[in-house]
Amino acid sequence: MSRRIALGIAYHGKSYLGWQTQPGGRTVQDTLEKALAAFTCEATPTICAGRTDTGVHARAQVVHINTAIVRRMESWVRGVNAHLPADITVRWAQEMPADFHARFSATSRTYVYLLRNERILSPHWYGRAGWDFHPLDLDAMQRAAQYLLGEHDFSSFRSSQCQAASPIRTIEHLNIVRQGAFFVFTLRANAFLHHMVRNILGCLLYVGKGRYPADWMPQVMAAQDRKVAAPTFMADGLYFAQASYPAHFGLEQYDAFDLSRPLDALLFES
């Protein structure tokens, strides 16, 4: 009898060509499914909450699998981890009802972008944080970010390779704070388009560097044209931070991400 199991996955994405399986096999999905096959002795396809791009990390990606294998939940964690490299980890496992779907049941996704603003990027943050050495105007970026809140057509911020049926998305939360050498950008939306977060980052940094005023942002959005926006910013500092689900699924017990303390959630939580 098939059972549906949800897994919480964390990974450092620098060595991978994103989440989605590719013929070369160097993706997070390929690596995870190889480990699952070694643990279950059968092919075990996965569905994730949100596909990440090359070099993007995840604090709390959620996937589900269907399997007839009966194991304790802790065995799913430790058993699969025994077959994974050190840069991918199963953090928790939970049996779910048949109507749970890692992608379609999610009500929102949250991303955090860590930007180091310093003259020379420390080698300790290579691959783990984005970098810009220019002085940045936090207030201007915060004002520009407010124009993006709510439901909009985000065509100006989607990749030409985006396969989404609609460019309409709803951003529920977009906050920027400075903590030491970090600028920390936190974005929550019902869903994101391909490269949407990194394209928004590029535009916010243009504003922060004084290249455009804050009210340039609604002009970019109104154009509905990718060519008018800033270039896609580097992937290094982008983290898939959380997928949120209705309370009756019970997954909040594994993930209490605090929107007001995103840096702590990434670096210091147990």
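Here the structure is a predicted model, which means the values were calculated and not measured.

**Brief notes about the pairing of strand β9 (residues 182-189)**
With eight of eight residues buried, β9 is to be regarded as a mostly interior element. Here β9 shows no split at all, with Phe182, Val184, Thr186 and Arg188 on one side and Phe183, Phe185, Leu187 and Ala189 on the other all buried. Two elements, strand β5 (residues 108-116) and β9, share eight bridges in a ladder whose sense is antiparallel. By the bridge assignment, tyrosine 113 is partnered in β9 with phenylalanine 185. Of the strand pairs in this sheet, strand β8 (residues 168-179) and β9 are connected by eight bridges, and their pairing is antiparallel. Of the residues in β9, the one forming a bridge with arginine 178 is phenylalanine 183.

**Side note on the packing of helix α3 (residues 138-146) against helix α4 (residues 196-208)**
At a minimum axis separation of 8 Å, α3 and α4 run at an interaxial angle of 135°. By the angle class used here, α3 and α4 are oblique. Read as a crossing pair, α3 and α4 show a hand that is right-handed. Contacts from Ala140, Met141, Ala144 and Ala145 in α3 reach Leu204, Leu205, Val207 and Gly208 in α4. Residue composition of the contact of α3 with α4, by class: seven nonpolar, one polar and no charged.

**A short note on the UniProt feature "domain: Pseudouridine synthase I TruA alpha/beta" (unreviewed entry) in the protein chain**
This chain's UniProt record puts "domain: Pseudouridine synthase I TruA alpha/beta" (unreviewed entry) on residues 10-104 and 144-246. For residues 10-104, the end-to-end C-alpha separation is 20 Å, with 23% helix and 25% strand making up the annotated structure. Across residues 144-246 one finds 23% helix and 30% strand; the C-alpha atoms that close the span lie 31 Å apart.

**Observations regarding the packing of aromatic side chains**
Counted under the stated rule, the structure contains 13 aromatic pairs. Between phenylalanine 100 and tyrosine 245, the aromatic rings sit 5.2 Å apart at their centres with planes inclined by 50°, giving tilted as the arrangement. Linking phenylalanine 100 in the loop between β4 (88-96) and β5 with tyrosine 245 in the loop between β10 (238-244) and α6 (262-267), this pair joins segments that are 145 residues apart in sequence. Tyrosine 245 matches phenylalanine 100 in its accessibility class, with the two residues each being buried. Both rings, one in phenylalanine 100 and one in phenylalanine 249, keep their centres 5.1 Å apart while their planes meet at 75°; by these two values the pair is edge-to-face. In this pair, phenylalanine 100 is assigned in the loop between β4 and β5 and phenylalanine 249 in the loop between β10 and α6, connecting sequence segments 149 residues apart. Of the two residues, phenylalanine 100 and phenylalanine 249, both sit in the buried class. Linked through ring pairs, Phe100, Tyr245 and Phe249 together constitute an aromatic cluster. A cation over a ring is seen here: arginine 128 above tryptophan 125, with NZ or CZ 4.3 Å from the ring centre. Directly above the ring of tyrosine 206 sits arginine 211, whose terminal nitrogen or CZ lies 4.3 Å from the centroid.

**Regarding the pattern of salt bridges**
According to the stated counting rule, one finds 10 salt bridges in the structure shown. For the salt bridge of arginine 3 with glutamate 95, the shortest nitrogen-to-oxygen distance reads 2.7 Å. Placement of arginine 3 in strand β1 (residues 3-11) and of glutamate 95 in strand β4 is noted, with a sequence separation of 92 residues between them. The partner of glutamate 118 in a salt bridge is arginine 116, with the nearest N and O atoms 3.1 Å apart. Summarising the burial analysis for this pair, glutamate 118 and arginine 116 share the class buried.

**Some points on the state of the cysteines**
In total, this model carries zero disulfides according to the counting rule given. In this structure cysteine 48 is not part of a disulfide, and its nearest cysteine sulfur, from cysteine 162, lies 14 Å away. Judged by relative accessible area, which is 7%, cysteine 48 ranks as buried. By relative accessible area, which is 15% here, cysteine 162 ends up buried.

**Here we look at the domain arrangement of the protein chain**
In terms of domain boundaries, the protein chain breaks down into domain 1 (3-105) and domain 2 (109-239). Each side of the interface is counted separately: domain 1 has 11 residues, and domain 2 has 12 residues. Taken together, the two surfaces of domain 1 and domain 2 that pack against each other cover about 950 Å², and 48% of this comes from carbon and sulfur. Interface area lost by domain 1 to domain 2 is led by Lys14, Asp53 and His57, which between them contribute 49%. Inspection of the domain 1/domain 2 interface yields two salt bridges. Across the salt bridge formed by aspartate 53 and arginine 198, the nearest N and O atoms sit 3.9 Å from each other. Connecting domain 1 to domain 2 are eight residue pairs in polar contact (both at pLDDT 80 or more).

Parameters at a glance
Residues numbered from 1 in each chain as written. Predicted model: local features only at pLDDT ≥ 70, side-chain atom pairs only at ≥ 80, totals over all residues. Heavy atoms only, no water. Buried < 20%, exposed > 50% of the residue type's maximum accessible area, 1.4 Å probe, protein only. Helix = DSSP H or I, 4+ residues; strand = E, 2+ residues; numbered from the N terminus. Pairing = 2+ DSSP bridges. Axes fitted to C-alpha atoms, helices over the stretch in contact; angles between N-to-C directions. Parallel < 35°, antiparallel > 145°, perpendicular 65-115°, else oblique. Left-handed = near helix turned anticlockwise from the far one by under 90°. Contact = heavy atoms within 4.5 Å. Nonpolar A, V, L, I, M, F, W, Y, C, P; charged D, E, K, R; others polar. UniProt positions renumbered as here; feature names shortened; annotations may be inferred. Phe/Tyr/Trp six-rings, centres within 6.5 Å; stacked < 30°, edge-to-face > 60°. Lys NZ or Arg CZ within 6 Å of the ring centre and 35° of its normal. Salt bridge = Lys/Arg side-chain N within 4 Å of Asp/Glu carboxyl O. Disulfide = S-S within 2.5 Å. Domains from an automatic or database assignment. Buried area = accessible area lost by both parts, 1.4 Å probe. Polar contact = N/O pair within 3.5 Å; in protein donor to acceptor, adjacent residues only side chain to side chain.

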